[in-house]
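Structure assessment
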Amino acid sequence: MAGRFLKLLAFLALVALPLALAFFLRPPERGLRFAPVAYSDLPGWDADQTKDAWPALAESCKRILTLPDSRAIPGAAIGGTAADWKPVCGALLTLEGADTETLRVFIEANFTPFAVTLAGNPAGLFTGYHEAFLKGSETPSETYNVPLYVRPPELVMVNLGLFRDSLKGERIAGEVKDGQLVPYASHADINKGALNGRGLELLWVDDAVEAFNLHIQGSGRVQMPDGSLRKVGYAAQNGHPYVAIGRILIERGEIPREKMSMPAIKDWLRAHPDEAAGVMEANPSFVFFRDLPVDQEPVGAAGVPLTGGRSLAVDRSHLPLHAPVFLSASQPDPKAPNESLPFNRLMVAQDTGGAIRGEIRGDVYWGSGEDATIVAGHMAAKGRFWLLLPNGIGPDAGRS
């Protein structure tokens, strides 16, 4: 009896206990997980005015239909190929003018929703951006003294995913010197004159703070001295990483975390003119612009015009572009920005951004106008999203 008891103790010590400890103490799974769910699991799905998402869905479908069948959907390698999307896209484009119920039924029949989690956690951060508004001129003057630059011809932008599958969604930029790609001039270098005398100025604007905001938003309308409008949009970026100066101001104790917003950043920069340039240059990223048709919405990284309130910027290394995404978060009330309204809405992943980094991260494009500026400037909400993929791209495809 005693011998069997001792053997049991030895078994527990040598085998059972280590296995139990390994099970209970194992680290959580890393990476995104995509689990198929029912549409009834999406909060507010039935209440969303789905028809308002049709323009965004249609723009992405039109783009996908131009791609070769074998072409992978851009972004993270979980979106399948153009061939996987073309049947549903062709059918969707016949629904122009359809009401919300018709479009909702179509989506439910043709797309599978996947709950997105990171190590079991579905929560992420969702912010907003908008089309900026500035005043400018084609010629410099004492008033218009802040240049917006076109893309320099020597700037090389590299899609690293073309060279290594493990780098899909990653990009760098620089210029070639002595046969090597080297970093391009930083924000501070350009402000100190790195591009002077080359005729690369697209326009001159009257406010360095608003110009900095334009670099963040990526597109804007510029009112000229005669009252006419020019529209400018993203053309390229210098390859330096985006650094959020809001975080710097929080760390320095200049703005409390709970009061941080784009309007708060602008107010601080204008109230501290001697420090403003140095703080803005702490973000080494610099954006180059191009003219856009005045009546055209800005074009996102997916290569299609954005739709206010329905286009979402995402981290393309984790999510595919063009894919529908159902977002559940909150938004500021444009009439009372410190108050929140529920936000449960079908979106389309159509853009990226230097600040949009992370697995569960998104930036809602709000369009132009006063309300869009207020909502985008104050939005910083916790939320979650669900990825919608055409039926047939199964759960096993939704893994990274």
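For the structure, check the block above.
Below you will find a few notes about this structure. (Residues numbered from 1 in each chain as written. Predicted model: local features only at pLDDT ≥ 70, side-chain atom pairs only at ≥ 80, totals over all residues. Heavy atoms only, no water.)

1. Regarding the environment of Val-150
Considering the arrangement of structural elements, one finds Val-150 in the loop between strand S5 (146–149) and strand S6 (156–159). Put simply, Val-150 and Phe-163 are 13 residues apart on the chain and 28 Å apart in space, counted from C-alpha to C-alpha. Every residue in contact with Val-150, bar those within four places of it in the chain, is listed here: Leu-200, Leu-202, Phe-288 and Phe-289. (Helix = DSSP H or I, 4+ residues; strand = E, 2+ residues; numbered from the N terminus. Contact = heavy atoms within 4.5 Å.)

2. With respect to the packing of aromatic side chains
Inspection of the entire model under this criterion finds 10 aromatic pairs. With 5.6 Å between their ring centres and 70 degrees between their planes, Trp-45 and Phe-326 make a pair best called edge-to-face. Taken as a pair, Trp-45 in the loop between strand S1 (32–36) and helix H2 (54–65) and Phe-326 in strand S14 (residues 324–333) lie far apart in primary sequence, 281 residues in all. Taken individually, Trp-45 and Phe-326 each receive the classification buried, so the pair is uniform in this respect. Both rings, one in Tyr-129 and one in Tyr-365, keep their centres 5.3 Å apart while their planes meet at 55 degrees; by these two values the pair is tilted. Of the two residues, Tyr-129 is situated in strand S3 (residues 124–129) and Tyr-365 in strand S16 (residues 361–365); the sequence distance between them amounts to 236 residues. As far as burial versus exposure is concerned, Tyr-129 and Tyr-365 are alike and both buried. The rings of Tyr-39, Trp-45, Phe-326 and Trp-386 are connected pair by pair, giving a single aromatic cluster. (Phe/Tyr/Trp six-rings, centres within 6.5 Å; stacked < 30°, edge-to-face > 60°. Buried < 20%, exposed > 50% of the residue type's maximum accessible area, 1.4 Å probe, protein only.)

3. Focus on the pattern of salt bridges
Tallying each qualifying case throughout the model produces 15 salt bridges. Residue Glu-101 is joined to Arg-104 by a salt bridge in which the shortest nitrogen-to-oxygen separation is 3.0 Å. With Glu-101 and Arg-104 both in helix H4 (residues 100–110), this residue pair falls 3 residues apart, about one helical turn. On the basis of relative accessibility, which here comes to 46%, the residue Glu-101 falls in the partly exposed class. Residue Arg-104 is classed as buried on the basis of its relative accessible area, which comes to 6%. The salt bridge partner of Asp-207 is Arg-270, with a shortest N-O separation of 2.7 Å. (Salt bridge = Lys/Arg side-chain N within 4 Å of Asp/Glu carboxyl O.)

4. A short note on the state of the cysteines
This structure, assessed with the given rule, holds 1 disulfide. Linked covalently through their sulfurs, Cys-61 and Cys-89 form a disulfide whose S-S length is 2.3 Å. Every disulfide takes its handedness from the sign of the S-S torsion; for Cys-61 and Cys-89 that torsion is -70 degrees, giving left-handed. Remark: Cys-89 occurs in helix H3 (residues 82–92) and Cys-61 occurs in helix H2; sequence separation between them is 28 residues. Note on accessibility: Cys-61 and Cys-89 belong to one class, buried. (Disulfide = S-S within 2.5 Å.)

5. Description of the packing of helix H6 (residues 208–217) against helix H8 (residues 262–271)
The N-to-C vectors of H6 and H8 enclose an angle of 150 degrees; their axes lie 10 Å apart at closest approach. With respect to H8, the element H6 is oriented roughly antiparallel. Here H6 runs over H8; the crossing is right-handed. From H6, Val-209, Glu-210, Asn-213, Ile-216 and Gln-217 reach across to H8, where they touch Met-262, Lys-266, Leu-269 and Arg-270. (Axes fitted to C-alpha atoms, helices over the stretch in contact; angles between N-to-C directions. Parallel < 35°, antiparallel > 145°, perpendicular 65-115°, else oblique. Left-handed = near helix turned anticlockwise from the far one by under 90°.)

6. So, the sheet that holds S6
The strand order S6-S7-S8 describes an open sheet built from 3 strands, whose pairing is antiparallel. If you trace the sheet from one side to the other, it starts and ends with S6 and strand S8 (180–182), each paired once. Taken pair by pair, the neighbouring strands of this sheet meet at an average axis angle of 50 degrees, ignoring direction. (Pairing = 2+ DSSP bridges.)

7. Brief notes about H3
Where H3 is concerned, the buried positions are Ala-82, Trp-85, Lys-86, Val-88, Cys-89 and Leu-92. Where H3 is buried, its residues contact H2, H4, strand S2 (111–118), S14 and strand S17 (380–390).

8. With respect to the packing of H8 against helix H9 (residues 273–281)
Two numbers describe how H8 lies on H9: the axes approach to 6 Å, and their chain directions differ by 125 degrees. By the angle between their directions, the pair H8 and H9 is classed as oblique. Between H8 and H9, the contacting residues are Trp-268, Leu-269, Arg-270 and Ala-271 on the first element and Pro-273, Glu-275, Ala-276, Val-279 and Met-280 on the second. Split by residue class, the contact of H8 with H9 holds 7 nonpolar, no polar and 2 charged. (Nonpolar A, V, L, I, M, F, W, Y, C, P; charged D, E, K, R; others polar.)

9. So, the nonpolar core
Judged by nonpolar contacts, the single largest core of 60 residues is most densely connected at Trp-85, Ile-107, Leu-327 and Leu-387. Of all hydrophobic cores here, the second largest spans 14 residues; its members include Ala-132, Leu-202, Val-222 and Val-287. (Core = buried A, V, L, I, M, F, W, Y, C linked by side-chain atoms within 4.5 Å.)

10. What about the environment of Gln-296?
Summarising the element assignment, Gln-296 is placed in the loop between strand S12 (287–292) and strand S13 (311–313). Sequence separation between Gln-296 and Pro-256 is 40 residues, and the spatial gap between their C-alpha atoms is 38 Å.

11. Some points on the side chain of Thr-50
Here Thr-50 is to be found in the loop between S1 and H2. When near neighbours in sequence (up to four residues on either side) are disregarded, Thr-50 contacts Thr-100, Leu-103, Arg-104, Ile-107 and Leu-346.

12. Notes on the side chain of Ser-219
Within the secondary structure, Ser-219 is located in strand S10 (residues 219–223). When near neighbours in sequence (up to four residues on either side) are disregarded, Ser-219 contacts His-130, Glu-131, Ala-132, Leu-214, Val-232, Gly-233 and Pro-298.

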